[in-house]
Every structure is written in C-alpha cells, then in structure tokens.
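Structure assessment
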Amino acid sequence: MTHPAQPKASHFINGAYVEDTSGTPIPVVYAASGEQIAVVHAATPAIVEQALASGKAAQKAWARMTGTERGRILRRAADIIRARNHELSVLETYDTGKPLQETLVADATSGADALEYFGGLAGSLTGEHIPLGEDWVYTIREALGLCVGIGAWNYPTQIACWKGAPALACGNTMVFKPSEATPLCALKVAEILHEAGLPAGVFNVVQGMGEVGGALVTDPRVDKVSLTGSAPTGKKVYAAAAEGMKHVTMELGGKSPMIIFDDADIENAVGGAINGNFYSSGQVCSNGTRVFVQKGIKEKFLARLAERTGNAVIGDPMDEATSFGPMVNENQMNIVLGYIEKGKAEGARLICGGARCDMPGWYLQPTVFADVTDGMTIAREEIFGPVMSVLDFETEEEVVARANDTEFGLSAGVFTKDFTRAHRVIGNLEAGSCFINSYNDAPVEAPFGGVKASGVGRENSKEAIKHYSQVKSVYVRMGDVEAAF
Ligand code: NAD
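Let me begin by describing the structure that accompanies this report.

How each quantity is defined
- Residues numbered from 1 in each chain as written.
- Predicted model: local features only at pLDDT ≥ 70, side-chain atom pairs only at ≥ 80, totals over all residues.
- Heavy atoms only, no water.
- Helix = DSSP H or I, 4+ residues; strand = E, 2+ residues; numbered from the N terminus.
- Rg over C-alpha atoms; globule rule 2.2 N^0.38 Å.
- Buried < 20%, exposed > 50% of the residue type's maximum accessible area, 1.4 Å probe, protein only.
- Contact = heavy atoms within 4.5 Å.
- Lys, Arg positive; Asp, Glu negative; His and termini not counted.
- Charge placed at Lys NZ, Arg CZ, Asp CG, Glu CD.
- Core = buried A, V, L, I, M, F, W, Y, C linked by side-chain atoms within 4.5 Å.
- Near = heavy atom within 4 Å.
- Areas by Shrake-Rupley, 256 points an atom, 1.4 Å probe, with all protein chains shown as cover.
- Nonpolar A, V, L, I, M, F, W, Y, C, P; charged D, E, K, R; others polar.
- Pairing = 2+ DSSP bridges.
- Axes fitted to C-alpha atoms, helices over the stretch in contact; angles between N-to-C directions.

Across its full length, the protein chain holds 16 helices and 20 strands. Here the protein chain has a C-alpha radius of gyration of 23 Å; the compact-globule value for 485 residues is 23 Å, and the two agree. Principal-axis analysis of the C-alpha atoms gives the protein chain an extent of 80 × 65 × 40 Å. For the protein chain, buried positions account for 58% of its 485 residues. Excluding contacts between residues fewer than 6 apart, the proportion of contacts in the protein chain whose partners are at least 24 apart in sequence is 72%. Counting 42 positive and 57 negative side-chain charges, the protein chain places the centres of these two groups 2 Å from one another.

Put into structure tokens, the structure is as follows:
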C-alpha cells in the first residue's frame with residue numbers, strides 16, 4: 001500500500017503535478033524509523049526546462065494583476081494552510097522527523113504567517129513621487145522577474161513560504177527546489193497556492209540535488225536566486241549567480257554566540273540555551289551554539305541545564321508528548337557524532353548526552369560540553385545538531401571580542417538584567433538577528449538574515465520586499481528640452 005506521505009508526483013509545474021520517472025530516484029526515509037516512506041525523482045533537464053519556461057511565461061500577467069488581487073490569493077492560501085495545519089504538520093514530521101509538538105506550531109503556521117503578511121503588504125507596494133520644481137521624478141517598484149528558491153532540509157514548509165510569499169507578493173514567479181532530504185512539503189505549498197487561485201506557472205516545485213539547483217541558478221531567464229543552505233553551498237551559488245549578474249538572497253549557516261552575564265535570570269538563560277540548541281534537535285541555522293557563561297554563575301548554570309535537559313522527552317515524533325526527535329537522516333547523525341567525538345578528544349568536559357540513543361531511527365542525545373575553548377573544533381564549526389558548547393568568560397569586553405571571532409554572523413543573544421549593557425553588547429556584536437533575554441524567535445514581522453559568511457539579504461518583514469523588487473526611476477519634464485546645439 002502507498003504510504004500517506006507519498007506525493008501524487010515529484011514535481012509541480014504550471015499548476016499541476018508532473019512526473020518523470022527517468023530522473024534519479026530520491027528515497028524519502030522517515031527519520032524516526034529508518035523506513036522508506038516515499039520516493040520522488042530528480043528533475044531531468046526536460047523537467048527543469050518545463051518549470052523555468054512556465055515560470056517565465058506566467059510572470060508578466062501575474063505582475064500586471066493588482067497587488068490586492070495577488071495578496072488575496074496569498075491570504076487565501078494562508079487560510080487553507082491554517083485549516084489543514086494538522087495534516088500538514090504530520091507531513092512535515094514525516095519529511096523531517098521533527099516532533100509533532102514542534103511542527104504543529106512552527107512550520108505550516110509560520111508559512112501561513114508569511115503568506116498572510118506578504119499578502120497583506122502586496123497592495124501597498126508603491127513607488128514615490130519626487131517633486132523637482134515644475135518637473136518631477138516618479139519611481140515604480142517593479143518585480144524582478146523569475147526567481148529561483150533553493151531550500152535546506154530543516155524547515156521545508158517554512159522555507160518554501162518565506163521565499164515564495166514575498167516573491168509572489170511583489171509580482172515575481174518562482175521555481176522552488178526543496179532539499180533532496182525533505183522533498184515532500186513544498187509540493188503541498190504549491191498545491192495549496194493553486195487551490196487558493198494562483199495562476200498556473202507562478203509557483204513551481206522541482207526536485208533534485210545540487211546539479212538541479214545549479215541548472216536553475218545558471219539559467220539566463222532567472223533574475224534572482226534565494227538560497228537557504230550551508231556557507232560552502234552559498235559561496236558556489238553566489239558565484240554562479242554573479243556570472244549572470246542576478247540578485248541574491250543567501251541565508252546560510254552560523255556559529256552564533258549566546259552571552260549569559262552573572263546577573264541574568266538563570267531559568268530564562270537555561271531556557272534560552274535549550275531553545276537555541278535543542279529545538280528541532282539542533283538543526284536550526286540561527287542556534288546559539290557557543291554559550292558564553294560568566295564565571296560567577298557557571299556551575300549553577302550547568303547544573304540547572306543538565307537537570308532540565310534530562311527532562312527532554314525523546315521518542316515517537318508523532319506522539320505530541322515527545323519534545324525531542326531524531327536527526328533528519330543517518331548522514332547528518334553521523335556528522336554530528338563525529339563532532340561529539342572531536343569534542344571529547346579535544347578535552348571538552350561532557351556534561352550530558354554524548355551518544356546515539358539506543359532505539360531505531362537517527363536519534364542523538366541532547367549533548368552539552370563545558371570548558372570549551374575558542375580553538376576547539378566544536379566551538380568553530382557549525383555542527384547542525386544537538387550539541388551545545390559552554391565557554392567561560394570574565395569581562396564584557398573579552399566576551400564581545402571572542403563572540404565576534406568567527407567567520408559567521410547570523411544571530412547573537414544576550415541574557416542580563418542590565419539593559420544598558422544588553423543594548424551596548426548587542427550594538428557591538430557582528431550578527432544580523434539578535435535577541436535580548438530570549439533566543440530564536442522568528443516572527444514574520446522581523447527581518448531575518450546574517451552578516452559575514454552567514455549571508456546576504458534579509459527574509460521576512462518589509463526588508464524582504466527590497467530583495468524581491470527593484471525601483472525604476474522616471475524623470476518627467478514639463479517644459480521644453482534645452483540642448484547646446
Ligand atoms: P546544503 O548547503 O547542503 O544544501 C542547501 C540546498 O542547496 C539544497 O537544496 C541542495 O540541494 C542545494 N545545493 C547544493 N549544492 C548546490 C549547487 N551547487 N547549486 C545549487 N544548489 C545547490 O544545506 P543543508 O545541509 O540542506 O542545510 C543545512 C544548512 O542550511 C546549514 O548550514 C544551516 O545553517 C543552513 N540554514 C540556514 C538558514 C538561514 O535562514 N540562514 C536556515 C536553515 C538552514
């Protein structure tokens with residue numbers, strides 16, 4: 001019998017599901033059991049061509065609709081997603097292995113927020129009027145054209161919506177390629193957008209690995225590329241896009257600092273560290289994986305952290321009581337296990353976890369290392385798993401310098417009751433998305449994105465509009481043209 005997660009077909013192009021079984025099969029394995037639940041096929045060159053051609057053909061008419069009309073469709077899609085949240089959350093859990101406890105509140109709902117927010121903004125995207133005496137200039141905020149979205153595997157529904165919603169609101173069309181590790185959810189997003197009235201060709205989904213992504217990025221019809229992925233992939237995709245002078249948004253990896261001062265509320269700081277390291281089993285780009293704790297509260301913090309980490313309910317992701325699920329796949333589990341071994345070998349003190357769970361599926365224990373020093377591998381490289389590094393510090397000046405001593409700059413957090421210090425420290429940290437006495441909140445109203453090797457551009461908020469539109473400036477002369485001859 002076909003598993004309920006098996007999609008109707010691998011791709012969604014020009015308003016319909018499309019299959020081409022001559023593409024390389026991509027098995028979808030449920031992370032909690034290791035069983036294959038679905039299979040899709042990578043896009044062949046013919047499928048890539050169909051998707052790009054349909055996105056290109058649909059763009060002008062879509063951009064000519066009023067913003068209010070476009071927005072209405074996006075908001076209708078948001079309503080459908082909310083109404084089907086449970087079913088979509090179950091699919092997200094099958095796709096990623098993340099517990100239903102999380103997916104019910106963080107995935108389809110976050111996608112719906114983006115569709116609702118950008119749907120609401122669509123009708124208000126205007127240029128400006130610039131008076132120049134009798135003459136004037138007016139500006140037109142135009143769509144870029146055909147956009148390519150490429151996703152990572154940790155938030156497949158959210159990433160499709162965070163890219164699709166602002167792109168479509170601005171009058172662009174999109175070809176979206178989900179991660180080969182989580183190919184299912186973006187198809188549902190496309191299906192629902194069309195159910196909501198989206199014209200055929202405006203949002204297309206094709207499957208595949210890096211080479212399909214590469215074919216999309218280098219196509220001359222594509223005007224913009226938005227990638228969520230690792231920094232090494234980001235460098236390749238950015239370079240390929242630059243060849244064609246395309247616009248880019250790069251949402252890449254991080255090794256973000258969380259700084260906890262002596263005067264912090266310890267329960268809140270521990271809660272922030274848990275959210276910023278163990279949510280989605282640590283598979284979150286903005287995680288605060290370098291937890292700097294001021295020396296005075298270090299042992300108290302560690303004791304409480306170990307105690308609360310012990311309360312994680314590790315188990316069946318479909319059981320809503322489960323608060324900690326498996327890694328997305330065996331490969332990622334092994335990568336993270338490698339980092340855990342490096343942490344041990346390089347002399348970090350294991351506080352809790354440190355091993356695979358003795359059960360089927362790709363489960364790791366939530367792991368905390370203390371006495372981590374700046375040079376250790378686990379303090380320098382993005383692990384993308386449930387491994388928290390706790391580092392000690394003494395002074396504010398010292399911790400800010402150490403926090404910034406990384407190629408990355410996605411997020412940063414500070415826990416303190418001293419608000420002057422909180423704002424001063426945040427002001428000095430090199431990061432795009434920051435938190436005071438909190439960690440990893442990502443409302444659609446707030447800009448999200450990184451600096452340094454963590455990326456270029458911003459998603460969410462009104463900032464995203466700037467990254468999916470361009471301004472045409474028009475000079476209007478009311479009098480005669482004066483010329484020298
Ligand atoms: P990845 O870089 O391996 O892959 C990302 C996507 O790029 C996939 O769809 C992949 O098929 C595609 N790809 C790979 N090579 C390509 C190429 N040459 N041309 C075009 N496309 C190509 O990342 P991943 O392992 O799927 O995801 C984890 C990474 O994503 C982590 O580094 C994480 O921090 C990052 N991430 C960032 C954000 C953010 O918003 N900043 C959010 C989630 C994940």
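Now that the structure has been shown, the text picks up again.
Okay, the nonpolar core next. One finds Leu115, Phe118, Leu168, Leu193 and Phe203 to be the most contacted residues of the largest nonpolar core, which totals 50 residues. The contact partners of Phe118, leaving out residues within four places of it in the chain, are Leu74, Ala165, Pro166, Ala169, Val444, Asn460, Ser461, Ala464 and Ile465. Among the nonpolar cores identified, the runner-up in size contains 32 residues, and Val336, Ile340, Leu391 and Phe393 belong to it.

Around the ligand sit 27 residues in total, of which Gly151, Glu180, Ser230, Thr233 and Glu382 are the nearest. When the ligand sits alone it has 850 Å² of accessible area, and the protein chains cover 86% of it. Looking at which element gives the most residues to the shell around the ligand, the answer is helix α8 (residues 210–218), with three residues. Grouping the constituent residues of the shell around the ligand by class yields 12 nonpolar, 11 polar and four charged.

Turning to the sheet that holds strand β18 (residues 433–436), a few remarks are in order. Either a parallel or an antiparallel arrangement is found when strands of a sheet pair, and the pairing is made through backbone hydrogen bonds. Strand order in this open sheet of seven strands is β14-β15-β16-β13-β12-β17-β18, and the pairing throughout is mixed. Every other strand in the sheet has two partners, leaving β14 (349–352) and β18 as the edge strands with one partner each. Averaged over neighbouring strand pairs, the angle between their axes works out to 20 degrees when direction is ignored. Relative to strand β15 (residues 367–370), β14 runs antiparallel, the two sharing three bridges. Within the sheet, the bridge partner assigned to Cys352 lies in β15 and is Val368. Contacts from helix α12 (residues 330–345) reach β14, β15 and β16 (387–393) within the one sheet, and its direction differs from that of β15 by about 25 degrees. Each of β12 (257–260), β13 (290–294) and β16 is contacted by helix α14 (residues 396–404), which is oriented at about 145 degrees to β16, the strand it contacts most.

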